[in-house]
Each structure stands twice: as structure tokens, then as C-alpha cells.
Amino acid sequence: MNRAALARIAPPLLTFVVGTALAEVVIRILDVSPLLLPRPSAVWTAATSEAGVLLASLAATGGAVLLGLLLSSTIGVAAAVALAASPWVQRAFYPYAIFFQIVPIVAIAPLLVIWFGYGPRAVVAAAAVVSVFPVIANTLAGLLSVDPNLADLFRLHGATRVATLWKLRLPWALPQLLTGLRIAAGLAVIGAIVGEFVGGGGLGIVVLAAMRQQRTDLVFAAIGYASLLGLALFGAVGLASRLALRHWHASEAKR
């Protein structure tokens, strides 16, 4: 590991270690009930002793998240391209795209179970519904922010709309698209967990079962696993952004 990578990792890691140690001390001193707030050491014990169940559940949740994110990114980019086709299309349909941002996933999760049945399909749908809007909004913003001089240059040379889209608008929108995917990655995890509360399976069921058993330590352990999944996806999108943009875009060139 080089010094630059260590310099990026060390501050948040140190903050986590210090914060965890302080939480352990404060909870012990105040003698907080483990039903309300378990000690970090108890959470760690639950995370390791129940690792088999948690890892299996994490795999199920991770698969649903990946499929949901793939679905939302595909639909999001296609919808953004369609909305950018003309101002009339944008005015007519963009307000309906906002629906995916403002609708509470908890409210529509039961409907997803009715439509898709119990199991992975409902969970994938929940992940996709929650994560699609950031892809639409950011990609659309990128497509609409193309330099007018470059667009005029393409028209001057007789480029078709498809060629302009493929060679100018989509590459120009790529930084915003990747930003949208970063946001969507975290939201997809949230959507999948909520979908599992209703549709079954994965870490969501572990959380519900632990709550019924009054195992608050296991609830926190499951939340920790879900958080690690979200961080891994965020890091994967960040790495893709780094590889795709580092040679030409200012957002990654100097990092």
C-alpha cells in the first residue's frame, strides 16, 4: 500500500477506532441496557459468532442489490436519454420520474410483494425503485450540459443524432452518471433491506428475527454487514470512476 492510499484510509480508520473505544467506555460507565444500546464488543462478538448466518444473508442481499442496481442504472440511463430528446418530453414526463424519489419505499414494498411475489424478485424491485432516480437526474443533467459549441460543431459536420449521443453527449455526461451511481449504490442497499422486511430473505430477515429475540447486538451486527456492503459498492463505483475519468476529467485527474 502506497503512502497516498494510506493517507486516505488512515483518518477514517483512526476515527472509527477511537469512536468505537469511546462508545465502549461510555456505555460501560453509564451501564446502558444492552437492549437499548449494546457495547461495541458485544456487537463484535455477535458478528463473529453468527458469521455463518450473516455471511449467507449478506450474499443474498448483495445479489439482490447488484441486480437492482444494474436494473436501475439501465432504466435510468435510458430514461435520461429519452427525457433529453426534447424539452416537451422532459416537461411531460420528468415530474413522473420524481415519483421514484419522493415515494416512501416502506409504503410501496407490500405492493411489490403483491406484484412480484415473496422472495428475491420483490427485493430486487425494491432496490431498483429506490436507486433509479439519482441515475436519471444526474445523467439528464450531464446530457443537458453539453458545451453548445461542441454540439454546433457536430451539427456542422453532419453528425446524426445517434452519433452525437454516442460520441459527445454520453461521454460528456459520464462524470455525472458515475456520481448518480455512487448515490444509487447506497440507496440500493437500503431498498433491498426494506424489501426483505416484507418479501423475506437476506439481512432484512436477520434484523427482524433478532428484534423478536431482543438481540440488539445481532441487529447492530447485521446493520454493520449491510453498511460494509454499501461501502464496497460505493468503492467499486469510485474505482470505476477513477479508471474512466483520470486521464481527462478534473474530478479525478489530480487524485
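Residues numbered from 1 in each chain as written. Predicted model: local features only at pLDDT ≥ 70, side-chain atom pairs only at ≥ 80, totals over all residues. Heavy atoms only, no water.

Draft legend 1. Structural context of the overall build of the protein. A count of helical and extended segments in the protein gives 12 helices and zero strands. For the protein, the N- to C-terminal ordering of α and β elements is α-α-α-α-α-α-α-α-α-α-α-α. Along the first, second and third principal axes, the C-alpha set of the protein runs to 75 × 50 × 30 Å. Sorting the 255 residues of the protein into buried and exposed places 36% on the buried side. By sequence separation, contacts in the protein at least 24 residues apart represent 73% of the contacts at least 6 residues apart. Of the accessible surface of the protein, which amounts to about 14800 Å², a share of 72% is contributed by carbon and sulfur atoms. In the protein, 17 positive and 8 negative side-chain charges are present, and the distance between their average locations comes to 12 Å. (Helix = DSSP H or I, 4+ residues; strand = E, 2+ residues; numbered from the N terminus. Buried < 20%, exposed > 50% of the residue type's maximum accessible area, 1.4 Å probe, protein only. Contact = heavy atoms within 4.5 Å. Areas by Shrake-Rupley, 256 points an atom, 1.4 Å probe, with all protein chains shown as cover. Lys, Arg positive; Asp, Glu negative; His and termini not counted. Charge placed at Lys NZ, Arg CZ, Asp CG, Glu CD.)

Draft legend 2. Representation of the nonpolar core in the model. Counting 35 residues, the largest nonpolar core has Leu54, Val65, Val189, Leu203 and Ala221 as the members making the most contacts within it. At the level of elements, helix H2 (40-49), helix H3 (51-83), helix H7 (120-144), helix H9 (161-199), helix H10 (202-212) and helix H11 (216-245) are the ones that each hand at least two residues to this core. Leave out the neighbours within four places in its chain, and leucine 203 touches Leu54, Ser57, Leu58, Thr61, Ile193, Glu196, Ala222, Tyr225 and Ala226. Judged by nonpolar contacts, the second largest core, of 10 residues, contains Val103, Ile108, Leu112 and Ala125. (Core = buried A, V, L, I, M, F, W, Y, C linked by side-chain atoms within 4.5 Å.)

Draft legend 3. Looking closely at the packing of H2 against H11. Between H2 and H11, whose axes approach to 8 Å, the crossing angle comes to 70 degrees. Between H2 and H11, the angle is such that the two are roughly perpendicular. Each of Ala42, Val43, Ala46 and Ala47 in H2 lies in contact with H11, whose residues at this interface are Asp217, Leu218, Phe220, Ala221 and Tyr225. In terms of residue class, the contact of H2 with H11 is made up of eight nonpolar, no polar and one charged. (Axes fitted to C-alpha atoms, helices over the stretch in contact; angles between N-to-C directions. Parallel < 35°, antiparallel > 145°, perpendicular 65-115°, else oblique. Nonpolar A, V, L, I, M, F, W, Y, C, P; charged D, E, K, R; others polar.)

Draft legend 4. Broad picture of a nonpolar patch on the surface. On the surface, a cluster of nonpolar side chains totalling about 400 Å² of accessible area is made up of Ile9, Leu13, Phe16 and Val17. Topologically, phenylalanine 16 is positioned in helix H1 (residues 3-30). (Patch = residues over 30% accessible without salt bridge, like charges linked within 9 Å, V, L, I, M, F, W, Y side chains within 5 Å. Salt bridge = Lys/Arg side-chain N within 4 Å of Asp/Glu carboxyl O.)

Draft legend 5. Expanded view of the pattern of salt bridges. Under the criterion given, the structure shown has four salt bridges. For arginine 155, the salt bridge identified is with aspartate 152, shortest N-O distance 2.1 Å. Linking arginine 155 with aspartate 152, this pair stays in helix H8 (residues 148-156), spanning three residues, or about one helical turn. Across the salt bridge formed by arginine 215 and aspartate 217, the nearest N and O atoms sit 3.0 Å from each other. Overall, the relative accessible area of 17% leaves aspartate 217 in the buried class. Among the ionic contacts, a cluster of salt bridges with common partners joins Glu24, Arg28 and Arg39.

Draft legend 6. How the structure looks around the packing of aromatic side chains. Summed over the entire model, instances satisfying the criterion amount to three aromatic pairs. Note on tryptophan 88 and phenylalanine 93: the rings are 6.5 Å apart at their centroids and 80 degrees apart in plane angle, and the pair reads as edge-to-face. The exposure class of phenylalanine 93 is partly exposed, given its relative accessible area of 48%. Ring plane angle 75 degrees and centroid distance 5.7 Å describe the contact between phenylalanine 99 and phenylalanine 100, whose orientation is recorded as edge-to-face. (Phe/Tyr/Trp six-rings, centres within 6.5 Å; stacked < 30°, edge-to-face > 60°.)

Draft legend 7. Layout of the side chain of threonine 139. Here threonine 139 is to be found in helix H7. Here threonine 139 falls in the buried class, since its relative accessible area comes to 1%. A distance of 2.7 Å separates a polar atom in the side chain of threonine 139 from the backbone oxygen of valine 135. With residues near it in sequence (within four places) discarded, threonine 139 still touches Val77, Ala80, Ala173 and Leu177. (Polar contact = N/O pair within 3.5 Å; in protein donor to acceptor, adjacent residues only side chain to side chain.)

Draft legend 8. Molecular detail of the packing of H7 against H9. Two numbers describe how H7 lies on H9: the axes approach to 6 Å, and their chain directions differ by 155 degrees. Classed by the angle they form, the pair H7 and H9 counts as roughly antiparallel. Here the hand of the crossing between H7 and H9 comes out right-handed. (Left-handed = near helix turned anticlockwise from the far one by under 90°.)

Draft legend 9. The arrangement of H8 in detail. The residue sitting at the N-terminus of H8 and contributing the capping side-chain oxygen is aspartate 147; that oxygen lies 2.9 Å from the backbone nitrogen of asparagine 149. The positive-phi residue at the C-terminal boundary of H8 is glycine 158, with phi of around 75 degrees.

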